[in-house]
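An overview of the molecular structure
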Amino acid sequence: MVEEKKFHRQFNYAFIDERTKKEIRRKLLKAVCIPGYQVPYSSPEMPIARGWGTGGLHITLSLIGKEDTFKIIDQGSDASVNACNLRDFVKNTTDCDTTFETSKATLIQTRHRITEEELKAHQIMIFQVPQPEPLRGVERYEKKTREMHAEADYAKMWVSLYESFVRFGDIMRGAGYPVKVNGRYVMSPSPIPRWDIPNLSDAECLYLFGAGREKRLYAVPPHTTVEPLEFEDVKFKIEQFEGLKCEITGEQIAFLDELYGSDGKTTHVVNDSDFMDQIKEKERPIQWVNRYLTEKIEKTFNKN
Amino acid sequence: MDNKEWLLKVENLTKIYGEHSVNTLDKTGPLFNSNQCPETGAIVACANIDFTLHPGEVLGIVGESGSGKSTLVKLLYFDLMATAGSAYLKGYKNDNTNILEVSNQQKRFLRNHKMGMVYQNPRDGLNFRFSSGGNIAEKLLMAGNFHVGSIRERASYLLESTEVPVPRMDETPESFSGGMQQRVQISKAIANNPPLLFLDEVTTGLDVSVQAKLLDMIRRLQQDLNIAMIVVSHDLSVIRMLTDRTIVMKNGRIVEKGLTDQILQDPQHGYTQLLVSSLL
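Keep in mind that what you see is a predicted model, and the values were worked out from it rather than measured. (Residues numbered from 1 in each chain as written. Chains lettered and ligands numbered in written order. Predicted model: local features only at pLDDT ≥ 70, side-chain atom pairs only at ≥ 80, totals over all residues.)

**Focus on the overall build of chain A**
Quick reminder of the rule: Here a helix means four or more residues in a row that DSSP labels H or I, a strand means two or more in a row labelled E, and each is numbered from the N terminus. The globule rule used for comparison is 2.2 Å times the number of residues to the exponent 0.38, while the radius of gyration itself is calculated over C-alpha atoms. Residue burial here comes from a neighbour count, namely the number of other C-beta atoms, placed from the backbone, that lie within 10 Å of the residue's own C-beta, with 20 or more meaning buried, 12 or fewer meaning exposed, and in between meaning partly exposed.
Secondary structure assignment for chain A yields 7 helices and 14 strands. In terms of overall size, chain A behaves like a compact globule, its C-alpha atoms giving a radius of gyration of 20 Å where 304 residues would be expected to give roughly 19 Å. Projected onto its principal axes, the C-alpha coordinates of chain A cover approximately 60 × 50 × 40 Å. Taking all 304 residues of chain A together, 42% fall into the buried category.

Next comes the structure, spelled out in structure tokens:
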């Protein structure tokens with residue numbers, strides 16, 4: 001039992017009761033067994049509203065133990081309001097260690113980003129997912145989308161990508177680019193930028209996805225192929241930051257945020273706050289081996 | 001000529017809505033001039049349909065509304081589930097697998113590779129949120145073509161051969177006239193060169209000159225590509241223009257079948273005689 005000091009209320013360890021945690025863990029096992037398949041689960045009530053990170057929180061709380069080190073980021077930042085409050089909540093209900101340093105964390109909960117630093121086999125990354133259904137944009141009925149997944153009928157998805165190309169000259173999907181997992185299920189990677197998509201494939205770490213409002217869990221196990229949907233002649237591309245660099249660190253090979261100053265000028269900074277701190281204070285952490293990034297690095301070196 | 005060369009064989013195809021008893025089939029049909037079972041109230045949409053379609057042949061199905069002719073093609077295109085009966089397609093799983101009982105995935109494969117369907121209402125066959133090219137692309141993508149360049153090439157070729165202006169390929173069918181929508185539907189249906197095409201009242205609701213052009217085009221495509229077709233129509237002039245053989249249906253049953261010329265010149269069944277005389 002963990003006692004909350006302010007009102008002297010008592011909670012089970014990690015807030016959720018043991019039976020429900022067990023249920024979530026069982027559903028996670030199923031999700032790991034069928035990569036990319038959305039497993040329905042109970043989505044118990046939390047002290048925050050569904051859709052505000054409850055899916056991620058359910059996974060974190062059902063997995064966390066006293067020996068875990070917890071890190072949580074919100075769009076790359078350890079310090080945003082969502083991250084801070086959820087970190088406090090997890091800390092208060094579990095008494096685990098928390099950290100900002102990516103390499104020290106065992107559980108990393110995230111909203112809309114994968115860390116710039118490569119994750120290892122002992123680490124688990126947990127995504128807060130707003131919309132787990134990649135086909136929702138082309139088919140509004142759940143019954144239909146389930147049938148489409150069951151029969152691997154992804155024609156409508158492909159037509160929407162074709163339409164996007166015809167209308168705009170490229171596949172205009174920014175965040176949440178649809179991917180095919182293990183050659184079978186089309187999955188929504190949660191709204192991570194295209195920059196992060198290649199890092200899902202053949203990773204050492206385990207990726208878990210929780211959508212609390214939609215009551216779905218899914219997973220990408222380590223060393224699983226994850227391919228972005230692309231045509232033979234219209235390929236997937238990551239975000240390009242040609243000629244831009246971080247205003248604070250001078251970094252060129254990282255996902256950059258665009259900031260508007262009061263004078264109307266734009267500057268760019270590294271999005272991943274821990275990655276930025278590491279570059280500033282210590283040495284450069286090892287980044288993901290990612291073929292799109294390797295091309296970019298080669299280009300940068302050739303220019304210099 | 002019966003069993004040597006065939007493409008589609010249909011046996012005892014039946015579709016009944018509602019609860020039926022053992023007498024349902026005996027107490028409905030043209031003899032009773034009713035589709036409804038007097039005992040249970042079940043509706044017999046079509047029953048005991050047998051026919052064989054030969055490669056490259058055009059078969060007409062004619063009958064008044066409610067005679068079950070549309071139901072028949074919808075059953076064969078898997079839009080509806082048959083109550084009983086079987087259908088066999090040449091070249092699919094040793095020619096002896098009942099295509100009405102295979103899995104949904106297999107049915108989708110058949111729809112995408114072996115069949116095409118043109119509905120009376122373009123909204124049934126086309127997705128109006130996608131462009132015309134996108135609608136054709138859907139068929140090509142489902143058949144495993146993932147090259148945008150070749151998809152667009154094929155789509156332009158199809159639209160050109162069905163006389164839809166190619167520059168309007170990226171518009172939605174919403175902005176097209178009825179005749180053009182119908183031609184886009186035909187392009188989509190023949191996109192993967194299927195050996196079998198279903199046409200369900202394709203000219204109904206179009207004005208006469210557009211009808212004539214559309215029929216001309218269908219006839220030309222049929223001769224060029226040698227597709228077998230099942231043409232459903234209540235309009236005998238469409239049947240006369242397009243088909244080689246004709247089935248006459250009434251109250252869900254086949255009342256007469258034979259060569260189209262023969263049926264039109266020398267109708268045997270009373271209902272067919274009525275139909276032919278009302279044309280003249």
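**Some thoughts on the sheet that holds strand S3 (residues 39-40) of chain A**
Pairing between the strands of a sheet is mediated by backbone hydrogen bonds and can be parallel or antiparallel. All names here are of chain A. In plain terms, the rule: At least two DSSP bridges between two strands are needed for those strands to be called paired. C-beta atoms are first placed from the backbone for all residues, and any pair lying within 7 Å is then listed as a contact. Every angle, taken between N-to-C directions, lies between 0 and 180 degrees, and every axis is a line fitted to C-alpha atoms, over only the stretch in contact when it is a helix.
As summarised here, the arrangement of the 7 strands in space is S3-S11-S10-S7-S6-S4-S5, forming an open sheet in which the pairing is mixed. With partners counted over all chains shown, the strands left at the sheet margins are S3 and strand S5 (97-98), one partner each. Of the strands in this sheet, strand S4 (69-74), S5 and strand S6 (107-111) touch helix H3 (residues 81-94), which is tilted by about 160° from S4.

**Some thoughts on the environment of Thr-98 of chain A**
Residue and element names in this part refer to chain A. Checked against the element boundaries, Thr-98 lands in strand S5. Residue classification places Thr-98 among the partly exposed positions, given that 18 C-beta atoms sit within 10 Å. With 29 residues separating them in the primary sequence, Thr-98 and Thr-69 have C-alpha atoms 5.3 Å apart. Once residues within four sequence positions are removed from consideration, Thr-98 is found in contact with Phe-70, Lys-71, Arg-87 and Lys-91.

**So, the interface of chain A and chain B**
By a widely used convention, the size of an interface equals the accessible area lost when the partners come together. Our working definition: Following the grouping adopted for this structure description, the nonpolar residues are Ala, Val, Leu, Ile, Met, Phe, Trp, Tyr, Cys and Pro, the charged ones are Asp, Glu, Lys and Arg, and the polar ones are all others, Gly among them.
Tallying the contact residues gives 13 residues for chain A and 17 residues for chain B. Of the residues belonging to the side of chain A that touches chain B, the class tally is 8 nonpolar, no polar and 5 charged.

**A short note on the nonpolar core**
For the record, the criterion: Here, a nonpolar core means buried Ala, Val, Leu, Ile, Met, Phe, Trp, Tyr and Cys residues linked by C-beta atoms lying within 7 Å of one another.
With 86 residues, the main nonpolar core has Phe-198, Ile-230 and Val-231 of chain B as its most contacted residues. If sequence neighbours within four positions are ignored, Val-231 of chain B has contacts with Val-58, Gly-60, Leu-199, Val-238, Ile-239, Leu-242 and Thr-243 of chain B.

**Observations concerning the sheet that holds strand S9 (residues 253-259) of chain B**
Residues and elements named next belong to chain B. Here we have 6 strands laid out as an open sheet, ordered S5-S6-S7-S3-S8-S9, and mixed in their pairing. Edge strands, defined here as strands with exactly one partner in the open sheet, are strand S5 (115-118) and S9. Strand-to-strand twist of the sheet, defined as the mean angle between neighbouring strand axes without regard to direction, takes the value 15°.

**Description of helix H1 (residues 69-76) of chain B**
Among the 8 residues in H1 of chain B, 8 count as buried, and that is most of the element. All of the buried residues in H1 of chain B are Lys-69, Ser-70, Thr-71, Leu-72, Val-73, Lys-74, Leu-75 and Leu-76 of chain B.

**Some remarks on the environment of Lys-250 of chain B**
Residue and element names in this part refer to chain B. In this structure, Lys-250 sits in strand S8 (residues 245-250). Given 26 C-beta atoms within a 10 Å radius, Lys-250 is considered buried. Residues contacting Lys-250, with those up to four places away along its chain left out, are Pro-30, Gly-63, Ser-67, Val-255 and Tyr-271.

**Quick word on unusual backbone geometry**
Not every positive phi belongs to a glycine, and His-223 of chain A is a case in point at roughly 55°. Looking at the secondary structure, you find His-223 of chain A in the loop between strand S11 (216-220) and strand S12 (226-228). Of note in this structure, Asn-226 of chain B is not a glycine but carries a positive phi near 55°. Following the sequence through the fold, Asn-226 of chain B ends up in the loop between helix H7 (208-225) and strand S7 (228-233). Residue Asn-226 of chain B is classed as exposed on the basis of its C-beta count, with 11 C-beta atoms lying within 10 Å.

**Quick look at the packing of helix H4 (residues 132-142) of chain B against helix H6 (residues 178-189) of chain B**
Residues and elements named next belong to chain B. Definition in use: Should an angle lie under 35 degrees it is considered roughly parallel, over 145 roughly antiparallel, and from 65 to 115 roughly perpendicular; all remaining angles are considered oblique. Left-handed describes a crossing whose near helix is turned anticlockwise from the far helix through less than a right angle; right-handed describes the clockwise counterpart.
Remark: H4 packs on H6, axes separated minimally by 8 Å, with the N-to-C direction vectors making an angle of 25°. In this view, H4 runs roughly parallel relative to H6, as classed from their interaxial angle. Here H4 runs over H6; the crossing is right-handed. Seen from H4, the contacting residues are Ser-132, Asn-135, Ile-136 and Lys-139; seen from H6, they are Val-184, Ser-187 and Lys-188. Considering only residue class, the contact of H4 with H6 consists of 2 nonpolar, 3 polar and 2 charged.

**Some remarks on the pairing of strand S7 (residues 124-128) of chain A**
Residues and elements named next belong to chain A. With respect to burial, S7 is a largely interior element, 5 of its 5 residues being buried. Burial of S7 is two-sided: the residues Ile-124, Ile-126 and Gln-128 facing one way and the residues Met-125 and Phe-127 facing the other way are all buried. Pairing of S6 with S7, which is carried by 4 bridges, proceeds in the parallel orientation. Counted as the bridge partner of Ile-108 is Met-125 from S7. With 5 bridges connecting them, S7 and strand S10 (residues 206-211) associate as parallel partners. Paired with Ile-126 across the bridge in S10 is Leu-208.

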